[in-house]
There are 2 protein chains.
Amino acid sequence: MATIGDVAKAAGVSRSTVSYALSGKRAISGETRERIEEAIRELGFTPNAGARALATSQTKVIGLLVQFFRDEFSPAMLQYVLPISDAAREAGYDILMVTEDDGPRALKRITDSDMVDGVVLLNVAEHDARVPLLRGARQPGALVGMPHDTEGLDVFDLDFGEAARMLVDHLHELGHREIVLISPNEHVITRGGAYVWRFRNAALERGARYGLRMHSYYGESQQPAITEAWNRILDERPTATAVIVHNDAMIAALPPVLNARGVEVPRDLSVVGIFSEDFGRLFSLPYTAIETSPDKLGRAAVQALVQRMRDGEGAAAPVVRFIAPELTDRGSTR
Amino acid sequence: MATIGDVAKAAGVSRSTVSYALSGKRAISGETRERIEEAIRELGFTPNAGARALATSQTKVIGLLVQFFRDEFSPAMLQYVLPISDAAREAGYDILMVTEDDGPRALKRITDSDMVDGVVLLNVAEHDARVPLLRGARQPGALVGMPHDTEGLDVFDLDFGEAARMLVDHLHELGHREIVLISPNEHVITRGGAYVWRFRNAALERGARYGLRMHSYYGESQQPAITEAWNRILDERPTATAVIVHNDAMIAALPPVLNARGVEVPRDLSVVGIFSEDFGRLFSLPYTAIETSPDKLGRAAVQALVQRMRDGEGAAAPVVRFIAPELTDRGSTR
DNA sequence: CTGAAAGCGCTTACAG
DNA sequence: CTGAAAGCGCTTACAG
């Protein structure tokens, strides 16, 4: 492969001049610039990324840690990954994607070895072992999902409490008095998915304030347990007139369950959920729902991270930002 | 950050000795080794990846080009990406994942700048602009999906022709005489997804040999067109007793359609498909199907690539490998 | 407007 | 068993 030295020789200039022509960091005479550009073209020169990284202490790569739970419902993950990848590219960064089960180890590896200029943590848990490591890293990071201790970090998450209140308000206004609430699978809480109880508690609290009868259940994440759970719950609460579903796997499987039971929405039952537009389209879900906006979250995280990488030490104070929930009415309530 | 020089100083040895202790490429006395290890621990030293890459001409990173069509049905992609990422990590490689719309440009960028030691191309099309670029690259590559010209490349794909024949044989043996065949959305062909007509032609040919009446349709990839297409097709072919579905979006949406029409499987209609086990589980699909084995394909591609990166110039001849289809009987035919 | 030189942090022949 | 030195391919003060 051609090096900057080859280009310099071909253009009859020094290596530094070629470098400056590339970076535009100092003025180059028109004629010299042309000779250099021609040489670059002829030789098919592209700067070596490793050498550049070594010289500049910048890799132009963002690490993306995707913490994947294999027994969980997966299709949602891609909705975060793609916008992050897109946003990174727009800012001139590539993505080093790490899916290792041992997230903390992976994080340490890519930051300690300076493979990346910054890091995005996906699916952050209440007590996430990656978070303290990130604090200790040289590189800045941005989180999608809220940990217990947000000190010193840029954090982005949906406002799950507000989302729950909006859904309860919506049903309350329509006159519902007895509501079933489905949370994610119980082991999601065990793992510290704080959004589970943030949503759940807010919903129950709001329901209590209105004097509603609320029935709270954990859902399942795998068939055939999902369908069984639905039937058991619906059998158990025949007088409930509405259901709030905060569980991707459960709501994706709901239409055939209701169909089989002869339940028509919203005539016999009002259904609301919380899932992204893409997800709803994927499963053709006809339910009114809070939009989870994975693209907004992912993009916001990347933008904050890019800003911070740019600013270095003199960066602004860290932000914890809740994305405001939006209700998309698909007519599944009355 | 501590450098190898800091470690050398702390351990009272030369930098080369530290380097050799790290790589194990030459014998080190026990006592020296211990002093070095202690220094490494104390200083929290990790070699700088860029410097190492520059010195060794090896990045230990594999580029993954995921060619994403945004209007297509997405959840299948992750099934390839995860096994590839896992297999790479097991072999000591990280994944630089590129999702740029302009795949050829992205490929050129990461190979020319030597960001990666090798490349995996996903979702390769019949005339894929990335393929000639890959041939011209310094780094080896492996393809998942078959291009027209496989010259000089390691290629992995499902044997779609054989898959189609197996399904037709299966239905023929059961006595079916009139079969509907659903292919992917027409624009997948336009883009050169060769597997579409490899499957389709093989199915039609086999059906013709048996004297079956075969009705071939292109499917849709988005709701509500999917449901409309199903109803139109089923209305049009009331005497067909079986349907072969080679379209993820269409088969995922089939259960509610049949339900609404009062069609029971396999009593009224036999249904077979071609999709991965994970995909079937995700959508709770109760249909007999050819397993597409994305994990096997992804892993095979990575293994071949790793082998080739290891062997350098003296590598073995390139291979084109078809994965043998396997039929999973879920009792949806009779 | 341009060049010579030092330096980024490693690895690896070469020498002893 | 160990060290001194060259080299990987860039960037960037320093000098003119």
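Treat the numbers as computed from the prediction; the structure is a model and nothing was measured.

### A short note on the overall build of chain A
Assigned secondary structure in chain A consists of 15 helices and 12 strands. By the compact-globule yardstick of 20 Å for 334 residues, chain A is too spread out, its C-alpha radius of gyration being 26 Å. Burial statistics for chain A: of 334 residues in total, 53% are counted as buried. Accessible surface computed for chain A: about 14500 Å², of which carbon and sulfur atoms make up 48%. Measuring between centres, the 37 positive side-chain charges of chain A sit 3 Å from its 45 negative side-chain charges.

### Some thoughts on the domain arrangement of chain A
For chain A, the assigned domains read domain 1 (4-47), domain 2 (61-158 + 295-323) and domain 3 (160-292). Its C-alpha centre places domain 1 of chain A at a distance of 37 Å from the equivalent point of domain 2 of chain A.

### Quick look at the protein's contact with DNA strand D
Surrounding DNA strand D, one finds 30 residues, the nearest of these being Ile4 and Ser19 of chain A together with Arg26, Ala27 and Thr32 of chain B. Near the protein, meaning within 4 Å, the atoms of DNA strand D are sugar or phosphate in a fraction of 52%, with bases accounting for the rest. A distance of 3.1 Å separates a phosphate oxygen of DNA strand D from a polar atom in the side chain of Lys25 of chain A. If you list the elements that add at least two residues to the surface near DNA strand D, you get α2 (15-23) and α4 (49-56) of chain A together with α2 (15-23) and α4 (49-56) of chain B. Of the residues contributing to the surface near DNA strand D, the split by class is 12 nonpolar, 12 polar and 6 charged.

### Details of the protein's contact with DNA strand C
As a matter of local geometry, DNA strand C sits amid 30 residues, with Arg26, Ala27 and Thr32 of chain A together with Ile4 and Ser19 of chain B nearest to it. For DNA strand C, the fraction of protein-proximal atoms (within 4 Å) that sit in sugar or phosphate groups is 53%. The separation between a base oxygen of DNA strand C and a polar side-chain atom of Arg26 of chain A is 2.6 Å. Put simply, the parts of the chain that give the surface near DNA strand C at least two residues each are α2 and α4 of chain A together with α2 and α4 of chain B. The element best represented in the surface near DNA strand C is α4 of chain B, accounting for 5 residues.

### Remarks on the sheet that holds strand β11 (residues 320-323) of chain B
The strand order across the open sheet built from 12 strands is β11(A)-β5(A)-β4(A)-β3(A)-β1(A)-β2(A)-β2(B)-β1(B)-β3(B)-β4(B)-β5(B)-β11(B), with neighbouring strands paired in mixed fashion. What marks the edges here is a single partner per strand, and that holds for β11 (320-323) of chain A together with β11 of chain B. Going across the sheet, the axis of each strand differs from the next one's by a mean of 20 degrees, ignoring polarity. Sheet analysis places strand β3 (residues 118-121) of chain B next to strand β4 (residues 141-144) of chain B, joined by 3 bridges and oriented parallel. Bridge pairing links Val119 of chain B to Gly141 of chain B in β4 of chain B.

### A look at the pairing of strand β5 (residues 154-158) of chain A
Residues and elements named next belong to chain A. Within β5, 5 of the 5 residues are buried, which leaves it mostly tucked inside the rest of the structure. The two faces of β5 match: Asp154, Phe156 and Leu158 on one face and Val155 and Asp157 on the other face are all buried. As judged from the 3 bridges shared by strand β4 (residues 141-144) and β5, these two strands associate in the parallel manner. Residue pairing across strands places Leu143 opposite Val155, the latter belonging to β5.

### Focus on helix α8 (residues 160-173) of chain B
All names here are of chain B. Between its terminal C-alpha atoms α8 stretches 20 Å, which fits the 20 Å expected from 14 residues at 1.5 Å a residue. For α8, the set of buried residues is Phe160, Gly161, Ala163, Ala164, Leu167, Val168, Asp169, His170 and Leu171. Directly beyond the C-terminal end of α8, a positive phi value near 100 degrees is found at Gly175.

### Focus on the pattern of salt bridges
Counted according to the given criterion, the structure contains 42 salt bridges over all chains. Glu162 of chain A is the salt-bridge partner of Arg165 of chain A, the closest N and O atoms lying 3.3 Å from each other. In this pair, Arg165 of chain A and Glu162 of chain A are both assigned in helix α8 (residues 160-173), 3 residues apart and thus about one turn of the helix distant. Exposure remark for Arg165 of chain A: the relative accessible area of 24% places this residue in the partly exposed category. Taking the relative accessible area as the measure of exposure, Glu162 of chain A reaches 30% and is therefore partly exposed. The network of salt bridges with common partners includes Arg89 and Asp94 of chain A together with Glu100 and Arg109 of chain B.

### Observations concerning the environment of Ala194 of chain A
The residue Ala194 of chain A is located in helix α10 (residues 194-210) in this model. Other than its neighbours up to four places away in sequence, Ala194 of chain A contacts Glu126 and Met146 of chain A.

### Some thoughts on the relation of the copies chain B and chain A
Turning chain B through 180 degrees and shifting it by 0.0 Å along the axis lays it on chain A, with an RMSD of 0.0 Å. Both copies of the chain, as the preceding transformation shows, are related through a two-fold rotation axis. Here 100% of the contact residues of chain B are again contact residues in chain A; the copies associate through an equivalent surface.

### A word on the UniProt feature "domain: HTH cro/C1-type" (unreviewed entry) in chain A
The feature "domain: HTH cro/C1-type" (unreviewed entry), as annotated in UniProt, sits at residues 3-39 of chain A in this numbering. Overall, residues 3-39 of chain A shows 73% helix and 0% strand. The separation of its end C-alpha atoms is 11 Å.

### A word on the packing of aromatic side chains
Applying the stated criterion across every chain, the model contains 7 aromatic pairs over all chains. Ring geometry for Phe279 of chain B against Phe283 of chain B: centres 4.9 Å apart, planes inclined by 40 degrees, an arrangement best described as tilted. In terms of burial, Phe279 of chain B and Phe283 of chain B fall into one category: buried. Grouping aromatic residues by their ring pairs yields a cluster made of Phe275, Phe279 and Phe283 of chain A together with Phe275, Phe279 and Phe283 of chain B.

### Focus on the sheet that holds strand β10 (residues 288-291) of chain B
Residues and elements named next belong to chain B. Taken together, the 6 strands give an open sheet; going across it, the order is β7-β6-β8-β9-β10-β12, and neighbouring strands pair in mixed fashion. Edge strands, defined here as strands with exactly one partner in the open sheet, are β7 (213-219) and β12 (326-328). Going from strand to strand, the sheet's axes swing by 20 degrees on average, the running direction of each strand aside. Taken together, the 3 bridges between strand β9 (residues 270-274) and β10 define a ladder with parallel strand orientation. Across the sheet, Ile274 pairs through a bridge with Ile290, a residue of β10. Across the sheet, α8 touches β6 (178-185), β7, β8 (242-245), β9, β10 and β12, and the angle it forms with β9 is around 170 degrees.

### Details of helix α3 (residues 30-43) of chain A
Residues and elements named next belong to chain A. Over its 14 residues, α3 extends 20 Å from the first C-alpha to the last, a length consistent with the 20 Å expected when each residue adds 1.5 Å. Those residues of α3 that sit buried are Thr32, Ile36, Ala39 and Ile40. Burial along α3 is one-sided: seen end-on, the buried residues are contained in an arc of 100 degrees. Set apart from the buried face of α3 by more than 90 degrees, the exposed residues are Glu31, Glu34, Arg41 and Glu42. The elements touched by buried residues of α3 are α1 (4-11) and α2. Backbone geometry just after α3 places Gly44 at a positive phi near 60 degrees.

### Some remarks on the interface of chain B and chain A
Each side of the interface is counted separately: chain B has 41 residues, and chain A has 41 residues. For the pair chain B and chain A, the two sides together bury roughly 3800 Å², of which 62% comes from carbon and sulfur. Three residues stand out in chain B for area buried against chain A, namely Leu78, Met97 and Leu282 of chain B, and they jointly supply 14% of the buried area on that side. The interface formed by chain B and chain A contains 2 salt bridges.

Each value, and the rule that gives it
Counting starts from 1 at the beginning of each chain's written sequence and moves along it residue by residue. By the order in which they are written, chains take letters starting at A while ligands take numbers starting at 1. With the structure being a predicted model, the display of local features is reserved for residues of pLDDT at least 70 and the display and counting of side-chain atom pairs for 80 or more, all residues being used for whole-chain, interface and lining totals. Excluded from the side-chain calculations are hydrogens and water; all other atoms, namely the structure's heavy atoms, are used. In DSSP terms, a helix is any run of H or I states spanning at least four residues, a strand is any run of E spanning at least two, and both are numbered starting from the N terminus. In this description the radius of gyration comes from C-alpha coordinates, and the expected globular size is given by 2.2 Å times residues to the power 0.38. Using a 1.4 Å probe on the protein chains alone, a residue whose accessible area is under 20% of its type maximum counts as buried, one over 50% counts as exposed, and one in between counts as partly exposed. Values of accessible area rely on a 1.4 Å probe in the Shrake-Rupley scheme; residue burial ignores everything except the protein chains shown. Under the convention used here, Asp and Glu are negative, Lys and Arg are positive, and both His and the chain ends fall outside the count. One atom stands in for each charge, and that atom is NZ of Lys, CZ of Arg, CG of Asp or CD of Glu. Where a domain begins and ends is set by an automatic assignment or by a domain database. Near is defined per residue: the residue qualifies when any heavy atom it owns lies within 4 Å of the molecule or strand. A 3.5 Å cut-off defines polar contacts: any pair of N or O atoms within that distance qualifies, except that in protein one atom must be a possible hydrogen donor and the other a possible acceptor, and neighbouring residues in sequence count only when both atoms are side-chain atoms. Each residue gets one of three labels, nonpolar for Ala, Val, Leu, Ile, Met, Phe, Trp, Tyr, Cys and Pro, charged for Asp, Glu, Lys and Arg, and polar for the others, Gly among them. Should DSSP find at least two bridges between two strands, the strands are taken to pair. The convention used is that axes are lines fitted to C-alpha atoms, helices contributing only their stretch in contact, and that angles between N-to-C directions extend from 0 to 180 degrees. Under the convention used throughout, the expected extent of a helix is 1.5 Å for every residue step, that is, one less than its residue count. By salt bridge we mean one thing: a side-chain nitrogen of Lys or Arg within 4 Å of a carboxyl oxygen of Asp or Glu. The contact criterion used is simple: two residues touch if any of their non-hydrogen atoms lie within 4.5 Å. Alignment of the copies relies on least squares applied to C-alpha atoms, considering only residues that score at least 70 for pLDDT in both. UniProt positions are given in the numbering used here, feature names are shortened, and annotations may be inferred rather than shown by experiment. Two rings from Phe, Tyr or Trp (for Trp, the six-membered ring) form a pair when their centres sit within 6.5 Å of each other. Planes less than 30 degrees apart are called stacked, planes more than 60 degrees apart edge-to-face, and all others tilted. Here the arc refers to the directions that run from the helix axis out to each C-beta atom. Buried surface area refers to the total accessible area, computed with a probe of radius 1.4 Å, that the two partners give up upon joining, counted for both partners together.

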